[in-house]
Amino acid sequence: MKYILVTGGVISGIGKGIIASSIGTILKSCGLRVTAIKIDPYINIDAGTFSPYEHGEVFVLNDGGEVDLDLGNYERFLDISLYKDNNITTGKIYQHVINKERHGDYLGKTVQVVPHITDAVQEWVMNQAKVPVDDDRKEPQICVIEANPSSLFQLGGTIGDIEGMPFVEAFRQFQFKAKRDNFCNIHVSLVPQPNATGEQKTKPTQNSVRALRGLGLSPDLIVCRSAKPIEMAVKEKISMFCHVEPEQVIFIHDVSSTYRVPILLEEQGIIKYFKQRLNLPIDDQPSDLLMKWKKMADRYERLLKVCSIALVGKYTKLSDCYASVFKALEHSALAINHKLDLMYIDSIDLERSTEVENPVKYHQAWQKLCKADGILVPGGFGIRGTEGKLQAISWARTKKKPFLGVCLGMQLAVVEFARNCLNWKDANSTEFDPDTKKPVVIDMPEHNPGDMGGTMRLGKRKTVFKTPNSVLRKLYGDEMFVEERHRHRYEVNPELICSFEEKGLKFVGHDMEGNRMEIIELENHPYFVGVQFHPEFSSRPMKPSPPYLGLLLAATGTLSAYLQRGCKLSP
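Predicted model, so just to flag it, every value in this text is computed and none were measured.

A. Looking closely at the overall build of the protein chain. Looking only at helices and strands, one finds 20 helices and 21 strands in the protein chain. Taken over 571 residues, the protein chain has a buried fraction of 57%. In the protein chain, the proportion of contacts linking residues at least 24 apart, taken out of those at least 6 apart, comes to 72%. Approximately 24300 Å² of the protein chain is accessible, and the part contributed by carbon and sulfur atoms is 50%. Taking the average location of the 71 positive side-chain charges in the protein chain and that of its 70 negative ones, the two points are 4 Å from each other.

Here you go:
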């Protein structure tokens, strides 16, 4: 097993996840089996109870693990399926060690950070690195580890840095346990360019590497992030002051799409370096997989046609809150040779109360919605902004705008239809009104309102199609059933299904038992679809998610032609 540790410095959010994913993609293109692990220093057991504004979206895995969004990057880039144990947190490690202490596994010894916590980290990494993540179920050969305590290596540091120290010490020890030929450390740093001087500054990177060395880890590769391409003199300066060869300094400047990052890394000789440094049995030349990435990156930059989608949600101030939704839309737009114009609309801005309090914001939001080619209402929790989402859904239904509702978006589509087509004015979800007279969306029997973490219906589950005429079934390749990932506490009330179907809102997909409604489609509409699952988590750059692809096809007026061609994209 070969281990590649990716750390970060100067600031957080400089692209460690994309760099780690791109490195994995390059090694996979060389014929190696690659897995990935993400380490987060917070004490939370997992990301399930985070507000999206804390760390971005909560990504859901096949086994129901609620994890950091970077694991979504790994899965999309590497086309693999990870597990909840591929996301290590301080909370998980301490819980594991404390449970062992309670069971008497330490034979009365004093349990300490060193060696017990650090040993637990190393054992967790070694065990999880062996778990197959590809369809062939073979053990991986390379494990890319992204360590998130990037603030540890900031100039000066901060009070919160102490939380990641056990992980740093664990990998200081681990590099000797794994041996040099099996362990490589990549440090991702920032080269800022102040507007006042226009000069690219290397001092933050120098200090970051010095701090990293002081903790016992020496970088084998330094990946420098910058806004613009970095000059050769800057590369030589970093090489000299950071004690690495010039070819061990890699530059990644801001690019038009993340698809370009693996190409930039390969062009700077990273395959040759890994072959020598880790003694890998690979060719120096890129494979067909990397050539496909290059063609995809080139095609992305040449797109001329634009398709606009309005995303109506409640977490629109931070784009990472809907990272997988954005990627799924981008994958679909690229597949049909269109550039995506994603317009974020705060659902509260569509409500009547906003018209009174801030009429400018209200009319701007409605202007965005009206000019969009398609409308998407993603998942979410809580009552805030739901009336605005209902307004957007009503607009999509009555004006025959292509619409996709995901999770809560599907539930609200059912509520909107009940109120305006069945004339059930009191229709609501018990999430928002527990005493509603028309509970069209209800709690699931297994929902435990006492605990929040891990109590939802989570992970990959089967959805069975009831009818062969379903648009979504055709988009999925006319399969009898599909498997998608779920994350919800509420479901459509199965006792009221007949009333909806009589008026044209068809429930075309359900779970294996036939009790839970999974997919809705509206008759006599270009594309009005709702899904209880989250198809965005399974979307890949070269295999876009069918529900999102359907939305983009309908928004560009090409859905009918696509279905007539047997669900084949035009060249």
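B. Representation of the pairing of strand S19 (residues 505–510) in the model. In terms of burial, S19 is a largely internal element, 5 of the 6 residues being buried. When strand S16 (residues 457–465) meets S19, the two strands line up antiparallel, connected through 2 bridges. Along S19, the bridge assignment pairs Val-464 with His-510. In terms of strand pairing, S19 meets strand S20 (residues 517–522) through 5 bridges, oriented antiparallel. Its bridge partner lying in S20, Lys-506 is registered against Glu-521.

C. Here's a closer look at the side chain of Thr-205. Relative to the helices and strands, Thr-205 resides in helix H7 (residues 203–214). What makes Thr-205 buried here is its relative accessible area of 0%. Contacts of Thr-205, omitting those with residues within four sequence positions, involve Val-10, Ser-189, Leu-190, Val-191, Ile-222, Ile-238 and Cys-242.

D. Representation of helix H10 (residues 270–277) within the structure. Among the residues making up H10, those that are buried are Ile-270, Ile-271, Tyr-273, Phe-274 and Arg-277. Down the axis, H10 shows its buried residues gathered within 160° of arc, on one side only. Contacts from the buried residues of H10 go to strand S1 (2–8), helix H1 (16–29), strand S7 (183–190), strand S8 (221–226) and helix H9 (261–267). One or two residues past the end of H10 sits Asn-279, with phi positive at roughly 55°.

E. Structural context of the environment of Thr-558. Tracing the chain through its elements places Thr-558 in the loop between helix H19 (546–555) and helix H20 (559–564). When the C-alpha positions of Thr-558 and Tyr-273 are compared, they lie 46 Å apart, and in sequence the two are 285 residues distant. Polar side-chain contacts of Thr-558 include one of 3.0 Å to the side chain of Thr-556.

F. Quick look at unusual backbone geometry. At the junction of Val-114 and Pro-115, the peptide bond is cis and its omega measures out at 20° in the coordinates. Relative to the helices and strands, Pro-115 is located in helix H5 (residues 113–129). Residues other than glycine seldom take positive phi values, yet Leu-107 does so here, at roughly 55°. One can find Leu-107 in the loop between helix H4 (90–102) and H5.

G. Helix H16 (residues 408–420), seen in detail. Here H16 contains 13 residues, and its C-alpha end-to-end distance of 18 Å stays within 8% of the 18 Å for a straight helix at 1.5 Å per residue. Of all 13 residues that make up H16, 12 are buried, and the element is covered over most of its length. The set of residues buried in H16 consists of Leu-408, Gly-409, Met-410, Gln-411, Leu-412, Ala-413, Val-414, Val-415, Glu-416, Phe-417, Ala-418 and Arg-419.

H. Fine view of the packing of H1 against helix H3 (residues 70–78). For the pair H1 and H3, interaxial distance at closest approach is 9 Å and the crossing angle is 25°. Overall, the two elements H1 and H3 adopt an arrangement that is roughly parallel. With respect to the hand of their crossing, H1 and H3 are arranged in right-handed fashion. In this structure, H1 uses Gly-17, Ile-18, Ala-20, Ser-21, Ser-22, Gly-24, Thr-25 and Lys-28 to contact H3, whose residues at the interface are Asp-70, Asn-73, Tyr-74, Phe-77 and Leu-78. Among the residues forming the contact of H1 with H3, the class breakdown is 5 nonpolar, 6 polar and 2 charged.

I. Spatial organisation of the packing of H1 against H10. It is the contact of H1 with H10, at a shortest axis distance of 11 Å, that shows an interaxial angle of 75°. With respect to H10, the element H1 is oriented roughly perpendicular. On H10, the residues touching Ile-23, Ile-26 and Leu-27 of H1 are Ile-270, Ile-271 and Phe-274.

J. Local environment of the domain arrangement of the protein chain. Split into domains, the protein chain comes out as domain 1 (2–298) and domain 2 (303–565). A straight line from the C-alpha centre of domain 1 to that of domain 2 covers 34 Å. For the pair domain 1 and domain 2, the summed buried area comes to about 2500 Å², and 57% of that belongs to carbon and sulfur atoms. A per-residue breakdown of the area domain 1 buries against domain 2 is headed by Tyr-53, Asn-62 and Arg-76, which together make up 28% of the total. Our count for the domain 1 to domain 2 interface comes out at 5 salt bridges. Between Glu-66 and Arg-487 there is a salt bridge; the shortest N-O distance is 2.7 Å.

Rules used throughout
- Residues numbered from 1 in each chain as written.
- Predicted model: local features only at pLDDT ≥ 70, side-chain atom pairs only at ≥ 80, totals over all residues.
- Heavy atoms only, no water.
- Helix = DSSP H or I, 4+ residues; strand = E, 2+ residues; numbered from the N terminus.
- Buried < 20%, exposed > 50% of the residue type's maximum accessible area, 1.4 Å probe, protein only.
- Contact = heavy atoms within 4.5 Å.
- Areas by Shrake-Rupley, 256 points an atom, 1.4 Å probe, with all protein chains shown as cover.
- Lys, Arg positive; Asp, Glu negative; His and termini not counted.
- Charge placed at Lys NZ, Arg CZ, Asp CG, Glu CD.
- Pairing = 2+ DSSP bridges.
- Arc of directions from axis to C-beta.
- Polar contact = N/O pair within 3.5 Å; in protein donor to acceptor, adjacent residues only side chain to side chain.
- Expected span 1.5 Å × (residues − 1).
- Axes fitted to C-alpha atoms, helices over the stretch in contact; angles between N-to-C directions.
- Parallel < 35°, antiparallel > 145°, perpendicular 65-115°, else oblique.
- Left-handed = near helix turned anticlockwise from the far one by under 90°.
- Nonpolar A, V, L, I, M, F, W, Y, C, P; charged D, E, K, R; others polar.
- Domains from an automatic or database assignment.
- Buried area = accessible area lost by both parts, 1.4 Å probe.
- Salt bridge = Lys/Arg side-chain N within 4 Å of Asp/Glu carboxyl O.

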